[in-house]
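Chain by chain, the residues:
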Amino acid sequence: MPIDAAIVGTRLPESHRAVSVRDVLAYSAGIGDTSSAVFDDLGELAAPPPYCVSLEWPVVSDPEKRKEYRASDEELQRGVHAHQDSLFHRTIRPGDDLVTRGVVASVRESRAGAIVVCRVDTEERSSGEPVVTSWTTSIFRGVAVDGSVETAAQPPAPPETTTDVDATETVWIAPELPHVYTECARIWNPIHTERSVARAAGLPDIILHGTATWALAAREILHAHADGQPARLERFSGRFTAMVPPGTEIRVEHARRGDVVSFTVRNVAGEAAISEGFAILR
């Protein structure tokens, strides 16, 4: 069954999180970031900016709400996270009481399948102060779209980027990293941790989460260009375009022009695991 374009504007279930020191330290450990800004609770501890995906996952992955897409269960299982674009209005810290809400922003058909974009907003629960706004894109492979294409909202235009490479950081992806990241980020999909499920889905083996690769790229870019300070990151975006097998290396290729860092993450085969990446720094 095709995904119904009438879902545009559908509200996603909201999720609440009282952020604790434990939450922040666990997420930082999950992406191997032990810099003092995000791993020393004796100082002014802050969450790494990509921690936002831990807040967003319960909202965008809710199985009951996805039934409103009108596609079959089998078709919904074909959905893969294809793009993450997050704007950080302020730093997340322990003690924050946050609410995360979402809306289906657009649906369109492509040769690969149905593309569904959700806008997800995290705010301070009591004041409504904006904390993070994300645009998260999923592709449901081989699934059509029923009805006219509708758009409720669009993300801000991307900055001008470059294809130059000024520096490269190499990161080892330990065999256990998908398991550690799953638990520390609270993002579970068995294709990342269970070989039987990954093989049944047609994958060669388990693969690292796209959001984990995204977070590792953010870690390297912040260390290279912003002294590892989470508050310096204003926006971070990338398309998830190839798999990262555990037990291999990735390369984060980057170049800075003004306040914009362009980057690509390449897997062991040299493919762009994250393409069209950019970071905007404060």
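Reading the values: rules and limits
- Residues numbered from 1 in each chain as written.
- Predicted model: local features only at pLDDT ≥ 70, side-chain atom pairs only at ≥ 80, totals over all residues.
- Heavy atoms only, no water.
- Helix = DSSP H or I, 4+ residues; strand = E, 2+ residues; numbered from the N terminus.
- Rg over C-alpha atoms; globule rule 2.2 N^0.38 Å.
- Buried < 20%, exposed > 50% of the residue type's maximum accessible area, 1.4 Å probe, protein only.
- Contact = heavy atoms within 4.5 Å.
- Areas by Shrake-Rupley, 256 points an atom, 1.4 Å probe, with all protein chains shown as cover.
- Lys, Arg positive; Asp, Glu negative; His and termini not counted.
- Charge placed at Lys NZ, Arg CZ, Asp CG, Glu CD.

### As for the overall build of the chain
Then, in step 1: A tally of helices and strands in the chain yields eight helices and 13 strands.
Then, in step 2: For 282 residues, the compact-globule estimate of 2.2 N^0.38 gives 19 Å, and the chain sits close to it at 18 Å.
Then, in step 3: Taking the principal axes of its C-alpha atoms as reference, the chain extends roughly 50 × 45 × 40 Å.
Then, in step 4: Taken across its 282 residues, the chain has 51% of its residues classed as buried.
Then, in step 5: Restricting to contacts in the chain with at least 6 residues of sequence separation, those with at least 24 account for 72%.
Then, in step 6: Looking at the chain as shown, the accessible area adds up to about 12700 Å², and 49% of this sits on carbon and sulfur atoms.
Then, in step 7: A distance of 2 Å separates the average location of the 28 positive side-chain charges in the chain from that of its 40 negative side-chain charges.

### A closer look at helix α3 (residues 52–60)
Then, in step 1: The element α3 is largely enclosed, with a buried count of seven among its nine residues.
Then, in step 2: The set of residues buried in α3 consists of Cys52, Val53, Ser54, Leu55, Glu56, Val59 and Val60.

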